[in-house]
Amino acid sequence: MCGIIGYTGVKPVCPILLGGLRALEYRGYDSAGIALSGCTLATVKRAGRISVLEEALAAGAAGEKVESACCGIGHTRWATHGAPTDENAHPHATPRLALVHNGIIENDRALRRELEAAGYTFVSETDTESAAKLLDSIYGACGDPVAAMLGLDGRLSGAYALAVIFADRPHEIYAIRRDSPLIAAQSPDGVLLASDIPAILPYTRSYYRPDEGEVVRLRADGITFFDANGEKTHPLCTVNWDVEEAERGGYSHFMRKELGEAPEGVRRTLSPLIRDGLPHFGMPLLDDLHEKKGMRIVACGTAMHAGLIGRTYLERLARLPVAVEIASEFRYRDPIISADEPVLLLSQSGETADTLAALRLAKANGVPTAAIVNVIGSSVAREADAVMATHAGPEIAVASTKAYTTQAAMLALLAVSTAYARGLIDEQEARARTDALCRRLPEALEETIAREAELEAFAARLAEAEHVFYIGRGVDYDACVEGSLKLKEISYIHSEAYAAGELKHGTISLIEPGVPVLAVSTDPAVAAKVASNMREVRARGGEIIAFCTPATEADIAPNADFCMVLDENDTTLAPLCAVSALHLLAYHVARLRGCDIDKPRNLAKSVTVE
Ligand code: F6R
């Protein structure tokens, strides 16, 4: 999604803004702009990459301010209202102010009509311009920036993080947020504002997160928060990962680096949850799950796919009924929810708009909520009744990999603890399963990732395909759904995941000679059934690449054109190894096709609009 950066201090602001925008590039964007303070504001914005903006600045678009200004704001825009053009790029400026915005202003049309009637003219198609002009009108009337920002907040509906500089306040930045992330940080040379942590990391590891609807004022010597009752204070948060972790570290893509970090992420995530060799979440909602009638997992995209595999683990081992819901559907379908079925939200970013709305819906209905997030201090983490952190480290690539694996591993551990508490497995088995997840799973993932050369060879067979199908049963179908999303997301090849037994109820009509079909089979209980589905595909000329285990090899390998035998028989661990292989396979297909792997077209890292 869009990115915001702001700085005011003693250093020239331009390089800081451009560096911040680059650090936020991974969120996805299609235009960029900056506004520099002074008694007249200089605004420069361009469609396209940040380098286009840099060229404009180098050509003198901001005049001498490029060197002299020490206060300003910058933005990368991911188009929602209107195409990615110079006019639609942020900042949106009036003679009094310049404003950047992440999110969506839902009452934009009504505001536009009102402002046009008051004499304002609009030059862009964006919803943001109405916020800029409305603030201009309020500030013009009251002259007090804090009151004007609070007044603006009272008039806007939607989700927003806004940063503003006023022409008559040359060294100050004002900001406000609702349902969209924003942080403020103090460094030795000035203060910073950003929509995400990587933008502040070169300067400091400590930051503040303002509450919803609070005005943040940044001056070179300090950050102040205001609500309608006056000044507020906030605890200082600390970033628990290093700058190097947010850098590529020798890899050509963040995605490749990050999928290789999944094993360590699993170790770091699970080890704090073990006490005396058994799972201990230290959180009533999860430690007492065995007493509940069931659970709902609500999430989007890849996080929802981690929920699917988690459901299989929880139902199979702990016999706990679990419903997995797409957050954007859940929130609008008037779901029947009750206090004895807690809602568990999964989210890497903790800022996904639909997941956050689903959380609020559950809470409003008196349903206990827990969240598994990768970003501590995110909105979902702050609002859920209970929070567990995955320690995957920062995930920069748009395509989620290590976050998926750590979420799924945590759900597998939850299945062990719930099954043990229900008396469905004895202590010895609970210990063995806990050990397998904490110790063996990371090793097995490392072994899978080390077989990159085999996956590259498979990738060469898929790189020219127009359509790819993934088939599996049970837990392997869960793996297929994730593998298929990753392929289409980063390689732009159309792909579908099908429950293997469902293929012949319609989709098999699409199988013709040469169509690649990826079969995943790690569960010996259904391997023979998957093998017969593979034969149905082969009989129609489909080319099968299979992923199996030593336990399923006898059924699977003879029916495949190409086969990778994962060196892991455990039916909880092996599907996660299969997903790692599918992630790596998708990566190499996208690489061979020359795709922009870390920033796939039309996608954004953190989806803060619904
Ligand atoms: C796909 C992907 C997305 C996210 C989804 C939810 O690779 O990354 O599908 O999983 O947008 O994001 P979070 O987990 O941040 O809520």
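Computed from a prediction, not measured in an experiment: that's the story for all the values here.

The rules we used
Residues numbered from 1 in each chain as written. Predicted model: local features only at pLDDT ≥ 70, side-chain atom pairs only at ≥ 80, totals over all residues. Heavy atoms only, no water. Helix = DSSP H or I, 4+ residues; strand = E, 2+ residues; numbered from the N terminus. Rg over C-alpha atoms; globule rule 2.2 N^0.38 Å. Buried < 20%, exposed > 50% of the residue type's maximum accessible area, 1.4 Å probe, protein only. Contact = heavy atoms within 4.5 Å. Areas by Shrake-Rupley, 256 points an atom, 1.4 Å probe, with all protein chains shown as cover. Domains from an automatic or database assignment. Buried area = accessible area lost by both parts, 1.4 Å probe. Salt bridge = Lys/Arg side-chain N within 4 Å of Asp/Glu carboxyl O. Pairing = 2+ DSSP bridges. Axes fitted to C-alpha atoms, helices over the stretch in contact; angles between N-to-C directions. Parallel < 35°, antiparallel > 145°, perpendicular 65-115°, else oblique. Left-handed = near helix turned anticlockwise from the far one by under 90°. Nonpolar A, V, L, I, M, F, W, Y, C, P; charged D, E, K, R; others polar. Near = heavy atom within 4 Å. Polar contact = N/O pair within 3.5 Å; in protein donor to acceptor, adjacent residues only side chain to side chain. Phe/Tyr/Trp six-rings, centres within 6.5 Å; stacked < 30°, edge-to-face > 60°. Lys NZ or Arg CZ within 6 Å of the ring centre and 35° of its normal.

For the rest of this paragraph, the subject is the overall build of the protein. For the protein, the helix and strand inventory stands at 20 helices and 27 strands. A globule of 610 residues ought to have a C-alpha radius of gyration of about 25 Å, and the protein, at 26 Å, matches this closely. Counting across all 610 residues of the protein, residues that qualify as buried make up 60%. Across the protein, contacts joining residues at least 24 apart in sequence account for 72% of those joining residues at least 6 apart. Carbon and sulfur atoms make up 50% of the accessible area of the protein, which amounts to about 21700 Å² in all.

Bringing the domain arrangement of the protein into the picture now. For the protein, the assigned domains read domain 1 (3-239), domain 2 (248-449) and domain 3 (451-597). Between the C-alpha centres of domain 2 and domain 3 there is a distance of 25 Å. Ranking the residues of domain 2 by area buried against domain 3 places Met255, His305 and Thr448 at the top, with a combined share of 20%. Connecting domain 2 to domain 3 are 2 salt bridges.

Let's shift gears to the sheet that holds strand β12 (residues 215-219). The sheet built from 7 strands is open, its strands ordered β5-β6-β7-β8-β12-β13-β14 with antiparallel pairing. A strand with exactly one partner marks an edge of an open sheet, and here the two such strands are β5 (92-93) and β14 (230-232). Pairing between β5 and strand β6 (residues 97-105): 2 bridges, direction antiparallel. Among the inter-strand pairings, histidine 92 is bridged to a residue of β6, identified as leucine 99. Helix α6 (residues 145-155) contacts β7 (158-166), β8 (173-178), β12 and β13 (222-227) of the sheet and is inclined by roughly 25° relative to β8.

With that settled, consider the sheet that holds strand β10 (residues 190-194). Strand order in the open sheet formed by 6 strands is β3-β2-β4-β1-β10-β9, with antiparallel pairing between adjacent strands. Pairing within the sheet leaves two strands with one partner each, and these edge strands are β3 (42-47) and β9 (183-187). Shown here is a sheet whose adjacent strand axes are inclined to one another by a mean of 10°, direction ignored. Across 6 bridges, the pairing between strand β1 (residues 3-9) and strand β4 (residues 71-77) is antiparallel. By the bridge assignment for β4, tyrosine 7 is matched with glycine 72. Running at roughly 140° to β3, helix α2 (residues 50-58) makes contact with β2 (31-36), β3 and β4 of the sheet.

Before going further, it helps to examine the packing of helix α16 (residues 452-462) against helix α20 (residues 573-592). Orientation of α16 relative to α20, taken along the N-to-C sense of each, is 55°, at an axis distance of 8 Å. Between α16 and α20, the crossing angle belongs to the class labelled oblique. Judged by the twist between their axes, the crossing of α16 over α20 is right-handed. Residue-level contacts link Glu452, Leu455, Glu456, Phe458, Ala459, Ala460 and Leu462 of α16 to Ala581, Leu584, Leu585, His588, Val589, Arg591 and Leu592 of α20. In the contact of α16 with α20, the residues fall into 10 nonpolar, 1 polar and 3 charged.

Between helix α4 (residues 108-117) and helix α5 (residues 128-142), the least distance of the axes is 9 Å, while the angle of their chain directions is 45°. Considering the angle they form, α4 stands oblique to α5. The handedness of the crossing between α4 and α5 is left-handed. Contacts between α4 and α5 involve Asp108, Leu111, Arg112, Glu114 and Leu115 from the first element and Glu129, Ser130, Lys133, Leu134 and Ser137 from the second. For the contact of α4 with α5, the class distribution of residues is 3 nonpolar, 2 polar and 5 charged.

With respect to the secondary-structure elements, glutamate 447 resides in helix α15 (residues 427-449). If we ignore the near neighbours within four places in the chain, the residues touching glutamate 447 are Arg440 and Asp567.

Below, the discussion takes up the site of the ligand. Near the ligand there are 13 residues, and of these Ser347, Gln348, Ser349, Thr352 and Lys486 occur at the shortest range. A distance of 3.5 Å separates an oxygen atom of the ligand from a polar backbone atom of alanine 303. In the model, an oxygen atom of the ligand is placed 2.4 Å from a nitrogen or oxygen of the threonine 352 side chain. Bound to the protein, the ligand loses 89% of the 400 Å² it would expose on its own. Taken together, the elements giving at least two residues each to the shell around the ligand come down to α10 (301-318) and α17 (475-491). Looking at the shell around the ligand, the element that brings in the most residues is α10, giving 3 residues.

Within a pair of aromatic rings, the relevant descriptors are the distance that separates the centres and the angle that separates the planes. For the coordinates displayed, the defined rule picks out 4 aromatic pairs. Plain terms: the ring middles of tyrosine 139 and phenylalanine 166 are 4.2 Å apart, the flat faces sit at 40° to each other, and that makes the pair tilted. Residue tyrosine 139 is found in helix α5, and its partner phenylalanine 166 is found in strand β7; the two are separated by 27 residues along the sequence. By the ring-pair criterion, three or more aromatic residues cluster together here, those being Tyr139, Phe166 and Tyr174. For the cation-ring pair, lysine 133 lies above phenylalanine 122, with the distance from its terminal atom to the ring centre recorded as 5.1 Å. Here the guanidinium or amino end of arginine 601 rests over the ring plane of tyrosine 492, the centre of that ring lying 3.8 Å away.

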